[in-house]
Amino acid sequence: MLRNPLMQRVIRNSGYLFTGSALSAAMSMLQGILAARLLGVQAFGVLGIITVFASVINRLTSFRMSELVVNYVGEFSARGEPERAAATVKSAALAEAASSVLAFGLIALLAPLGARYLAHDAETASLFTLYGSMVLAHLVAESGTGVLQFLDQFRLQAWIQVGQSALTLSLIVAAALAKGGLEAVVLAYLLGKVAWAFAMTAAAWVHARRHWGRGWWRVPLSRIGERRREMARFALSTNLTGTLTLVTRDSELLWLGALTSPLQAGYYKVSMAILNVLLIPVQPLISTTYREVAREVATRSWNNVRYLLRSGSLISGAFSVTAAAGLVVFGSRVVSLWGAEFLPESYLALIVLLPGVIAVSIFYWNRTVLLPLGLPEYPTKVSLAAAVTKVMLIFLLVPRLGAVGMAITLSSFFLGTAVLLVWKTLREIQRQAALATG
């Protein structure tokens, strides 16, 4: 595995991102511990609701432009069409900028409702709007991320991520020393997000100019040609999939705030923070494997595609299973770092989440590989069916079981979608490989 050039690139680039993710995760854990001890369970839950509220609305209007950039810029570049590649980045950036402005407008409009019905405190509305202003800093950050991934700048991404975490941690330490409240912690998180977005955008534009020349931004959008409709379909499909994911997987704190209280959101926020340990090595593999798989699919190198997926799963599985076993044994001690008041609820939710998280960690490629295979709608259909099921379970379990009930719904969602998407991916690879040889 280590001698194969494909996996060498995946491991090298994942290593850069893993280093950044590991350092950032360590600092994020310290941030969470300091914030939890400073604020207490209730206010810590409100903090989670505020940050997730802005993130959900931002991603609701987002078209995941990083994936579109990697997919189409990689294809056009492989065909020796640099102007079409540059036009793709330009169109992605313009579309993302418009969606970011729309997202901030929605955040400002809905902030009073979020404060009253999710945080159960109307006076926090200004904090919802304040933190939501980070989407304006992220104006074209997704497109910039795609450019850096395509240009193999994973090490730079890692350093930017570490810098953001270090800045946020230092600000939270200052807030703790000054005995600041919820406002100070929200401001610390906001400044960290803004710094990351500015750094990623600036780095992407510098490297784009180096790659395509000083005037790359002036390439007319018409250079995309007949692929415009296909790209729009790709972006819409990823947006719909992302929207369903938000409703079912990334908005649990909002559901808990609406159906129970910020207290249960605080318990669940700690469980998810600890669970990030399992995702540290997996998140870098998603983007690096996708980059290589998209290239191999474009050249119809099906043996290489299978090799990448198999090897990636072996790497992620070895870590995920080991880390999960460690959390089962030592999880309650880890939870106590946030404070004894989070036990036993946060630990129970953590244990319930482990089976589903292990499944999606091992098969981390279950959704992204279907994009270059020409099936961007299939994950949307699977997510829709799973979303309906999960929402029904949320209304059934969460009002009675709180954070643990939410953990049951998310773990079931992970297991069900992973099985269906992996089956479809492997079947489609087999079908297209047979057509190529037949």
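See the structure shown above.
Scope of this entry: the structure provided in the associated data block.

**Notes on the packing of aromatic side chains**
- Per the stated rule, a full pass over the model turns up 13 aromatic pairs.
- For the ring pair Phe53 and Phe128, a centre distance of 5.1 Å and an interplane angle of 80° mean the geometry is edge-to-face. Here Phe53 is found in helix α1 (residues 5-60), whereas its partner Phe128 is found in helix α4 (residues 125-132), with 75 residues between them in sequence.
- For Phe128, a relative accessible area of 0% translates into the label buried.
- Relative to Phe395, the ring of Trp255 lies with its centre 5.6 Å away and its plane at 85°, an arrangement referred to as edge-to-face.

**A short note on helix α11 (residues 262-279)**
- Under the 1.5 Å per step criterion, the end-to-end length of α11 is 25 Å for 18 residues, consistent within 8% with the ideal 26 Å.
- Along α11, the residues classified as buried are Pro262, Gln264, Ala265, Gly266, Tyr267, Tyr268, Val270, Ser271, Ile274, Leu275 and Leu278.

**Some points on the side chain of Thr145**
- Within the fold, Thr145 resides in helix α6 (residues 141-150).
- Setting aside anything within four residues of it in sequence, one finds Thr145 in contact with Ser66, Gln157, Trp196 and Met200.

**What to know about the packing of helix α13 (residues 302-336) against helix α16 (residues 403-437)**
- Orientation of α13 relative to α16, taken along the N-to-C sense of each, is 160°, at an axis distance of 10 Å. The angle between α13 and α16 places the two elements in the roughly antiparallel class. Our pair here, α13 against α16, has a crossing hand that is left-handed. Across from Trp302, Val305, Arg306 and Leu309 in α13, the residues of α16 making contact are Thr425, Ile429, Gln430, Gln432, Ala433 and Ala436.
- Classifying every residue of the contact of α13 with α16 gives 6 nonpolar, 3 polar and 1 charged.

**As for a nonpolar patch on the surface**
- Together, Leu109, Leu110, Leu113 and Tyr117 line one region of the surface with nonpolar side chains, adding up to about 410 Å² of accessible area.
- Along the chain, Leu113 turns up in helix α3 (residues 82-117).

Definitions and limits used
- Residues numbered from 1 in each chain as written.
- Predicted model: local features only at pLDDT ≥ 70, side-chain atom pairs only at ≥ 80, totals over all residues.
- Heavy atoms only, no water.
- Phe/Tyr/Trp six-rings, centres within 6.5 Å; stacked < 30°, edge-to-face > 60°.
- Helix = DSSP H or I, 4+ residues; strand = E, 2+ residues; numbered from the N terminus.
- Buried < 20%, exposed > 50% of the residue type's maximum accessible area, 1.4 Å probe, protein only.
- Expected span 1.5 Å × (residues − 1).
- Contact = heavy atoms within 4.5 Å.
- Axes fitted to C-alpha atoms, helices over the stretch in contact; angles between N-to-C directions.
- Parallel < 35°, antiparallel > 145°, perpendicular 65-115°, else oblique.
- Left-handed = near helix turned anticlockwise from the far one by under 90°.
- Nonpolar A, V, L, I, M, F, W, Y, C, P; charged D, E, K, R; others polar.
- Patch = residues over 30% accessible without salt bridge, like charges linked within 9 Å, V, L, I, M, F, W, Y side chains within 5 Å.
- Areas by Shrake-Rupley, 256 points an atom, 1.4 Å probe, with all protein chains shown as cover.
- Salt bridge = Lys/Arg side-chain N within 4 Å of Asp/Glu carboxyl O.

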